[in-house]
Amino acid sequence: MNHSFRRSRAYNGKVEKRMRSLELPVGKIQEQLENMLTLTLGKNPSNIRRPRELIGEPNWKKVSILFLGTLKRYVSNRARPEGSIAEAYILKECITFCSMYLDGIETVHNRRERNEDSGECSKGLTVFTQTTRPTGCRRIDGELSDELRDIAHWYLLYNTLELESYLEEHKNLLHTPNGEDITQIQRREFPKWFKERMNSLRVNGSPETTDQLWALANGPNLLVKEYS
């Protein structure tokens, strides 16, 4: 009876006869979604490979803040913010799920990239099949620092699908100290181990060391093309 809305001029004094809207706690909604075993929500199910970070772990605090901002935009009824968020989130996931099975209609899963790179894709390792389109004006050729070269080299080695067996083999050879991350140890030692392995096999004439695999093991060139 003492609600601020009743003291407002917009209140006409009539008895409210509408039924109260259903309130579902977030935990209950999450439990119902987890019980739907045949339904996959979120990103395209074909993208089964977990993306790897360049350096360390992601900033979960920043990710949480951005996600909360997305949820805040779902609120259409300020009197029932939890219900608005739950309804809008489920609606978005349902639309995303249904759009995966639509033919002849442009969706977020089948539309062309906004910044499509041109060029012909070469065959071989996945890292060499990517095409790029430089932007801006080309400046004089620059030179990478050893730190940037090592970061770029490790990123390529760690994210190349064809090298997962080598990464797993090297991991089994390591003796991990207590409390130290195995990924950080591999970041320091795997490039050298992989380079020595490929060079040794190439000297012995092993067919395992293809030209692309050997080039990937020896790392990128320090001379690069810079664009403004």
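Figured I'd write up the structure that's included with this text. (Residues numbered from 1 in each chain as written. Predicted model: local features only at pLDDT ≥ 70, side-chain atom pairs only at ≥ 80, totals over all residues. Heavy atoms only, no water.)

## Re the nonpolar core
Consideration 1: Core analysis: the biggest nonpolar cluster contains 15 residues, and Leu 157, Leu 163, Tyr 166, Phe 190, Phe 194, Met 198 and Leu 213 have the highest contact counts within it.
Consideration 2: Only helix H4 (146–159), helix H5 (164–173), helix H6 (182–203) and helix H7 (211–218) provide two or more residues apiece to this core.
Consideration 3: In terms of residues, this core owes the most to one element, H6, which gives five residues. (Core = buried A, V, L, I, M, F, W, Y, C linked by side-chain atoms within 4.5 Å. Buried < 20%, exposed > 50% of the residue type's maximum accessible area, 1.4 Å probe, protein only. Helix = DSSP H or I, 4+ residues; strand = E, 2+ residues; numbered from the N terminus.)

## What to know about the packing of H6 against H7
Working note: a packed helix pair is described by the angle between its axes plus the distance between those axes.
Consideration 1: One way to put it is that H6 packs onto H7 with a least axis distance of 8 Å and a crossing angle of 145°. The handedness of the crossing between H6 and H7 is left-handed. Here Pro 191, Phe 194, Lys 195, Met 198, Asn 199 and Arg 202 of H6 come into contact with H7, specifically with Asp 211, Leu 213, Trp 214, Ala 217 and Asn 218.
Consideration 2: In the contact of H6 with H7, the residues fall into six nonpolar, two polar and three charged. (Axes fitted to C-alpha atoms, helices over the stretch in contact; angles between N-to-C directions. Left-handed = near helix turned anticlockwise from the far one by under 90°. Contact = heavy atoms within 4.5 Å. Nonpolar A, V, L, I, M, F, W, Y, C, P; charged D, E, K, R; others polar.)

## A look at the packing of H5 against H6
Consideration 1: One can describe the packing of H5 onto H6 by two numbers: an axis separation of 10 Å at closest approach and a directional angle of 110°. Regarding the angle of H5 to H6, the classification is roughly perpendicular. In this structure, the crossing between H5 and H6 has a hand that is right-handed. Of H6, the residues touching H5 (which contributes Tyr 166, Leu 167, Glu 169, His 170, Lys 171 and Leu 173) are Ile 182, Gln 186, Glu 189, Phe 190, Trp 193, Phe 194, Arg 197 and Met 198. (Parallel < 35°, antiparallel > 145°, perpendicular 65-115°, else oblique.)

## Details of the pattern of salt bridges
Consideration 1: Applying the stated criterion across every chain yields a total of four salt bridges.
Consideration 2: With a closest N to O distance of 3.8 Å, Arg 149 and Asp 146 form a salt bridge. Here Asp 146 and Arg 149 lie together in helix H4, a separation of three residues that amounts to about one turn.
Consideration 3: For Arg 149, a relative accessible area of 23% puts it in the partly exposed group.
Consideration 4: You can call Asp 146 partly exposed: its relative accessible area is 48%.
Consideration 5: Measuring nitrogen to oxygen at the nearest pair gives 3.2 Å for the salt bridge that ties Arg 149 to Asp 150.
Consideration 6: Its relative accessible area of 45% is what places Asp 150 among the partly exposed residues.
Consideration 7: Shared partners join several salt bridges into a network, and the residues in it are Asp 146, Arg 149 and Asp 150. (Salt bridge = Lys/Arg side-chain N within 4 Å of Asp/Glu carboxyl O.)

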